[in-house]
Amino acid sequence: MSEDCLFCQIVAGKIPADTVLETDRILAFRDINPQAPVHVLVIPKKHIVSAMELGDADGEDLAACFEAAREVARNERLDSGGFRLVTNHGAEAGQSVFHLHFHVLGGRAMGWPPG
Ligand code: AMP
């Protein structure tokens, strides 16, 4: 846990979130500023800054994030129509919260390339 991290505060229950899925390793909650009809963030409970900080010890947390993303997609009925799974690293990608998270976006056609 990183005391000044927004998502660690959500994991700790100190800041409320619209949680859709929780396991011992991950939390999934609706994005506060949704960019699509379905916009859920999947995060490891462990504080990892971004994909660039992943290490050999993080494999199970990473697998849990992908498993959760699949479950969210199924629960939100996105699996047949399709969805986008995105993680941002650093300023040019627009990362604004420095705790690894995967955006699950769906419910509309997704443009490519992203803006
Ligand atoms: P990124 O820009 O990739 O770092 O994504 C961070 C995301 O966190 C943005 O889509 C924000 O809208 C979202 N966000 C920020 N604060 C909260 C919050 N308190 N609850 C839910 N989502 C949030």
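Below, the structure is looked at part by part. (Residues numbered from 1 in each chain as written. Predicted model: local features only at pLDDT ≥ 70, side-chain atom pairs only at ≥ 80, totals over all residues. Heavy atoms only, no water.)

## So, the packing of aromatic side chains
Working step 1: In the structure shown here, the tally under the stated rule is two aromatic pairs.
Working step 2: The interplanar angle of 80° and the centroid separation of 5.4 Å between the aromatic rings of Phe-7 and Phe-29 together place this pair among those described as edge-to-face. In this pair, Phe-7 sits in helix α1 (residues 6-11) while Phe-29 sits in strand β2 (residues 26-30), placing the two residues 22 residues apart along the sequence.
Working step 3: In this structure Phe-7 comes out as buried when scored by relative accessible area, which is 5%.
Working step 4: A relative accessible area of 3% places Phe-29 in the buried class. (Phe/Tyr/Trp six-rings, centres within 6.5 Å; stacked < 30°, edge-to-face > 60°. Helix = DSSP H or I, 4+ residues; strand = E, 2+ residues; numbered from the N terminus. Buried < 20%, exposed > 50% of the residue type's maximum accessible area, 1.4 Å probe, protein only.)

## Looking at the nonpolar core
Working step 1: Ranked by internal contacts, the top residues of the largest apolar core, which has 17 residues, are Leu-21, Ile-26, Ala-28, Val-40, Val-42, Val-72 and Val-104.
Working step 2: Looking at this core, the elements with two or more residues in it are β2, β3 (38-44), α2 (59-75) and β5 (102-106).
Working step 3: Of all the elements, α2 adds the most residues to this core, at six residues.
Working step 4: If we ignore the near neighbours within four places in the chain, the residues touching Ile-26 are Leu-21, Ile-43, Pro-44, Lys-45, Asp-61, Ala-64, Cys-65 and Ala-68.
Working step 5: Core analysis: the next-biggest nonpolar cluster, separate from the first, contains nine residues, Cys-5, Phe-7, Ile-10 and Ile-43 among them. (Core = buried A, V, L, I, M, F, W, Y, C linked by side-chain atoms within 4.5 Å. Contact = heavy atoms within 4.5 Å.)

## Thoughts on α2
Working step 1: Between its first and last C-alpha, α2 extends 24 Å over 17 residues, near the 24 Å set by a 1.5 Å rise per residue.
Working step 2: Here α2 has its buried residues at Asp-61, Ala-64, Cys-65, Ala-68, Ala-69, Val-72 and Ala-73.
Working step 3: Here the buried face of α2 lies against β1 (19-22), β2, β3, β4 (83-86) and β5.
Working step 4: A positive phi of about 65° marks Arg-77, the residue just after α2. (Expected span 1.5 Å × (residues − 1).)

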